[in-house]
Amino acid sequence: KETQVCEAGYYAVTLDDFLVRAEITAAEHSAVYRFTFPEKSEPSLLIDCQWGIGGKDLSKTMLSCDARIEDNRVLGTTFRRHWVTRQYSYVIEFNHKIVSFEKLPKLNDEEKAPRFALRFDLSGGEPLLVKIGYSLVDVEGAGRNLSAEVPDFGFDRIRAAASVRWDEVLSKMD
């Protein structure tokens, strides 16, 4: 796809259907997304907790998920079973206030995790920044990882640090 950019520690693509530029970069236990919406659009984001870390058919590996929205954040813990049982927790924060949200109905009876449609007010064409902290222990650990690795919404700073880290790791293969 012509709009894709893929580098160590960075990926970007323009989503043709909505003309949204989506970018992602990462630290060790966290990630930062930057979404740039067209002007005069109604920025919204789908958080689909049914999908995530796991095998090929993720809908069948979901055991439980307690995702919820609290204080302009999405947080929760998910349990999956593929060849082992996995637990991972997350905290998702936004640089703009959630104006409204809707918990979407299940697509089928097999779904065990919620989906949320979040709406934001992005005046002046500002990007929506989303930072996510992960932990294999609990939500509090995900929050600590997020605070330590991404204390602000400095997307470009995190991207530059990821590039340096990848260079360090890959230089060992010379």
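Preceding this section is the structure that the text describes.
All values reported here derive from a predicted model rather than from experimental measurement. (Residues numbered from 1 in each chain as written. Predicted model: local features only at pLDDT ≥ 70, side-chain atom pairs only at ≥ 80, totals over all residues. Heavy atoms only, no water.)

**Some remarks on the pattern of salt bridges**
Okay, so step 1: As enumerated under the stated definition, the model contains 11 salt bridges in all.
Okay, so step 2: Across the salt bridge formed by Glu23 and Arg34, the nearest N and O atoms sit 2.8 Å from each other. Remark: Arg34 occurs in strand β4 (residues 30-36) and Glu23 occurs in strand β3 (residues 20-26); sequence separation between them is 11 residues. Taken as a pair, Glu23 and Arg34 share a single burial class, namely buried.
Okay, so step 3: Where Arg68 meets Glu70, a salt bridge forms, and the shortest distance between an N and an O atom there is 3.0 Å. (Salt bridge = Lys/Arg side-chain N within 4 Å of Asp/Glu carboxyl O. Helix = DSSP H or I, 4+ residues; strand = E, 2+ residues; numbered from the N terminus. Buried < 20%, exposed > 50% of the residue type's maximum accessible area, 1.4 Å probe, protein only.)

**Side note on the environment of Leu128**
Okay, so step 1: One can find Leu128 in strand β12 (residues 128-135).
Okay, so step 2: By relative accessible area, Leu128 is classed as buried at 0%.
Okay, so step 3: C-alpha of Leu128 to C-alpha of Leu104: the two residues are 24 residues apart in sequence and 21 Å apart in space.
Okay, so step 4: Not counting residues up to four positions away in its chain, the partners in contact with Leu128 are Tyr33, Arg34, Phe35, Phe37, Leu45, Phe94, Asn95, His96, Phe120 and Leu122. (Contact = heavy atoms within 4.5 Å.)

**A closer look at the pairing of strand β11 (residues 115-120)**
Okay, so step 1: Counting buried positions along β11 yields 5 of 6 residues, so the element is predominantly enclosed.
Okay, so step 2: Across 5 bridges, the pairing between strand β5 (residues 44-48) and β11 is antiparallel. By the bridge assignment for β11, Ser44 is matched with Arg119.
Okay, so step 3: Both strand β10 (residues 98-103) and β11 contribute to a ladder of 5 bridges, which runs antiparallel. Pairing of Glu102 across the sheet is with Ala117, part of β11. (Pairing = 2+ DSSP bridges.)

**Some thoughts on the sheet that holds β10**
Okay, so step 1: Taken in spatial order, the 3 strands make up an open sheet running β5-β11-β10, and their pairing is antiparallel. The strands lining the two open edges of the sheet, one partner per strand, are β5 and β10. Strand-to-strand twist in this sheet, taken as the mean axis angle between neighbours without regard to direction, amounts to 20 degrees. (Axes fitted to C-alpha atoms, helices over the stretch in contact; angles between N-to-C directions.)

**Describing the environment of Ala113**
Okay, so step 1: Secondary-structure assignment places Ala113 in the loop between β10 and β11.
Okay, so step 2: Of the residues examined, Ala113 reaches a relative accessible area of 7% and is grouped as buried.
Okay, so step 3: Between the C-alpha atom of Ala113 and that of Cys49, which follows or precedes it by 64 residues, the distance is 5.5 Å.
Okay, so step 4: Dropping the residues within four chain positions of it, Ala113 is found in contact with Cys49, Gln50, Met62 and Cys65.

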